[in-house]
Amino acid sequence: MMLKYNTLIVLAGVSLLGASAGMVGSFAVLRKRALTGDALAHAALPGLCIAFLILRERNVAAMLLGALATGVAGIMIISALRRWTRVREDAAIGSVLTVFFGSGIVLSKYIQNLSNIGSRAGLESYIFGKTAGMTRGDVYLIVVAGLLGLAAVALLYKEFLSISFDSEFARSLGWPVYLLDLLLMSLVALAVVIGLPAVGVVLISALLIMPGAAARFWTDRLGTLLVLSGIFGFAVGLVGTWLSASLDQLPAGPIIVLSGTTLFVASLLFGKQRGVLARWIDQRRFETMLGLRQLLRIAWEHQAEGPRAASPFSSADLLVRKTWTERRAKRLLATAQSAGLVRPVATGTDLFELTPSGRDEALAATRGHRLWEAFLAEYPDQANSTANLASLSIEDYVPTAVVQQLTAQLQAAGRWPVDGERSERRRESLAERERRS
Amino acid sequence: MTTRSFGHQSFEVMPTVLDIHDVTVAYHRKPVLWDIDLVIERPQLAAVVGPNGAGKSTLIKAVLGLVPMASGRVQVFDQPVARQRKRIGYVPQRESVDWDFPVSVLDVVLMGTYGRLGWIRRPGKAERERARECLAKVGLVSYERQQIGQLSGGQQQRVFLARALAQEADIYFMDEPMAGVDAATERMIFQVLSDLRKAGKSIIAVHHDLRTVPQYFDYVVLLNVRLVAAGPCDQVFTPANLRKTYGGRLALLDTVGEVLEAGPR
């Protein structure tokens, strides 16, 4: 499909808007101001109408200024309600959003009913967005404001990071947190207002929230998150605008939001860091790891310490000790076998023994387990703050002195596992060597 | 060091570390801190102690200008706090932030260098080196790349401590730096505090465990909305003063009694 020059320009503009809104919006979300952004967008509608009523013509710049004015008035009322009254923030946001949007709708209906000029206002395109009607002037405005947003985020990364993560600490450093908040919200307001012609007041907040929310599934790092949300926003703007331009009858806002939703759901499912799939795989891997470790420990206790020491063990022996299903026990044994940790004593039997490398692992697993056990018994009050039972090496979490003390304690109680067979072998080989020399 | 002149002579005078004068803080008209006058002349390792709701955290926040004061003024090293920000370090309560936030351990410690960096400038190699040194002091070097939510509570507490160390301040305000940590971590944190003290720094820490006050601190501030007493532990940390601070809470007083019978240090 050939794209007209005008369409290309609009595509570029909305994509840039997406990138800028995505990055600015990420900070707004981290600062827990996402809903404030939504309220701001809805509160912009009456301003658009009032500007039109005053000028009696469709002057985009003036109407966007009007939108900015009532939008900012809206969030200032929210901030004042939070500060000076005991109205809770969610209630304040909800009331401001609905009151402003309601009056905006009333005004826009009134304008549409004006017989002489009503149809010229094109207000419906500000409610749900319409990229087709965008002029080159609109796009230039987007470009300037979008670049401004990107530049501000790049320059003030550190400042926005510190107010979003720990605003009290930022204040203790002497940062003007209130001012920075105001600046952040101004950037949000800017993105919202320039996005209005393309996406509309109802759905623009999706462009703020979705890219960052989607990016969060892919990374645990703020820098990466910001870059990703910029890219995501860009892609959403691009695809949404292109689709809405090709499907002429459909408003751009909902299409852009739906493209964003697709991206969000895909990230939710497949995100590398926190996606559902990644977490599920991680959880399964973790369970297998834990299961293997328990299997090795039971095998160790059976083979090296039990009354029937040195005799092989069967899956039934495992089930005596663990409430595993038979299937799970068999599967764990198979996993252990393919990892070279255990081997069947004879092919086709259900009797297994530890391999030499399995013995080493089993010894470590048993030691780790007993150290944690002893630690929890000795320091019950520290359990939830220190203990990471998923970790084999208690040394990473507990100071060495404590580990030594616990080890000594286990040794005294005769519960410190030692590989007797191995040390015997070593003694023999040493004796052998001595004899030779 | 400030210079004061008397007649023709001028003296180098050690500035007063902390001067809290006539401070009252109220939430919805209910006083949380009432007429606090507290002067700490020399550098100290000081514990702020008192029952729940005594205003311990509020005292620290009022000093730092994080909560509005109904009246009063605070000076640090003879100057208003606003002028001494770079000399002040702060360890907030662990619960005060969202640990799910997408930053690494090193990122958080680097925030300690932000105050000195000023606007716009980003932390560079020198700051990262500094942050790593501070992580080493709290034994968390190997964790620098981890997302902060993956740490245990005690480790998170140490990350906050490392961030404060990175501030390279002269006076540190800490809100329960030893809350919810195990005995070994507590000793480690105390070691860091006592090293700071030996380097001539001051530490004002809210502390929740009466039993360890005389062991860890050399100065104590007893607080219960009003200031009950403040001074060196061996003079101020007495049954009479504790009774004035905690009132008739017997179970607690028994513990305190045991502590005091065991003798100071």
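See the structure printed just above.
A quick note: this is a predicted structure, and the numbers were derived from the prediction, not measured.

> Provide a residue-level description of the sheet that holds strand E3 (residues 351–354) of chain A, including the pertinent values.
All names here are of chain A. Pairing in this open sheet of 3 strands is antiparallel, and the strands run E1-E3-E2 from one edge to the other. Pairing within the sheet leaves two strands with one partner each, and these edge strands are strand E1 (313–314) and strand E2 (342–344). Inspection of the sheet shows E1 paired to E3 by 2 bridges, in the antiparallel sense. Bridging across to E3, Ser 314 finds its partner in Leu 351. Along the sheet, helix H13 (residues 276–305) makes contact with E1, E2 and E3, crossing E3 at roughly 90°. Of the strands in this sheet, E1, E2 and E3 touch helix H15 (residues 326–338), which is tilted by about 105° from E2.

> Report on the packing of helix H6 (residues 136–155) of chain A against helix H9 (residues 177–199) of chain A, specifying residues and quantitative values.
Residue and element names in this part refer to chain A. Relative to each other, H6 and H9 sit at 155°, their axes nearing to 10 Å. Considering their axes alone, H6 and H9 lie roughly antiparallel with respect to each other. Like other packed secondary-structure pairs, H6 and H9 cross with a definite hand, here left-handed. Where H6 abuts H9, its residues Leu 141, Ile 142, Ala 145, Gly 146, Leu 148, Gly 149 and Ala 152 lie against Leu 187, Leu 190 and Ile 194.

> Got a sec to walk through a nonpolar patch on the surface? Specific residues and values, please.
Residues and elements named next belong to chain A. A contiguous nonpolar patch, built from Trp 218, Val 265, Leu 269, Phe 270, Val 276, Leu 277, Trp 280 and Ile 281 and spanning about 730 Å² of accessible area, is present on the exposed surface. For the nonpolar patch, the elements supplying multiple residues, two or more each, are helix H12 (252–270) and H13. No other element matches H13, which puts 4 residues into the nonpolar patch.

> I'd like a rundown of the packing of aromatic side chains, residues and numbers included.
Residue and element names in this part refer to chain A. With the rule as written, the count across this model stands at 11 aromatic pairs over all chains. Between Phe 27 and Tyr 157, the aromatic rings sit 6.4 Å apart at their centres with planes inclined by 65°, giving edge-to-face as the arrangement. On the criterion of sequence distance, the pair formed by Phe 27 in helix H1 (residues 5–30) and Tyr 157 in helix H7 (residues 157–165) is long-range, its members being 130 residues apart. For the pair Phe 27 and Tyr 157, one class covers both residues: buried.

Calculation rules
Residues numbered from 1 in each chain as written. Chains lettered and ligands numbered in written order. Predicted model: local features only at pLDDT ≥ 70, side-chain atom pairs only at ≥ 80, totals over all residues. Heavy atoms only, no water. Pairing = 2+ DSSP bridges. Helix = DSSP H or I, 4+ residues; strand = E, 2+ residues; numbered from the N terminus. Contact = heavy atoms within 4.5 Å. Axes fitted to C-alpha atoms, helices over the stretch in contact; angles between N-to-C directions. Parallel < 35°, antiparallel > 145°, perpendicular 65-115°, else oblique. Left-handed = near helix turned anticlockwise from the far one by under 90°. Patch = residues over 30% accessible without salt bridge, like charges linked within 9 Å, V, L, I, M, F, W, Y side chains within 5 Å. Areas by Shrake-Rupley, 256 points an atom, 1.4 Å probe, with all protein chains shown as cover. Salt bridge = Lys/Arg side-chain N within 4 Å of Asp/Glu carboxyl O. Phe/Tyr/Trp six-rings, centres within 6.5 Å; stacked < 30°, edge-to-face > 60°. Buried < 20%, exposed > 50% of the residue type's maximum accessible area, 1.4 Å probe, protein only.

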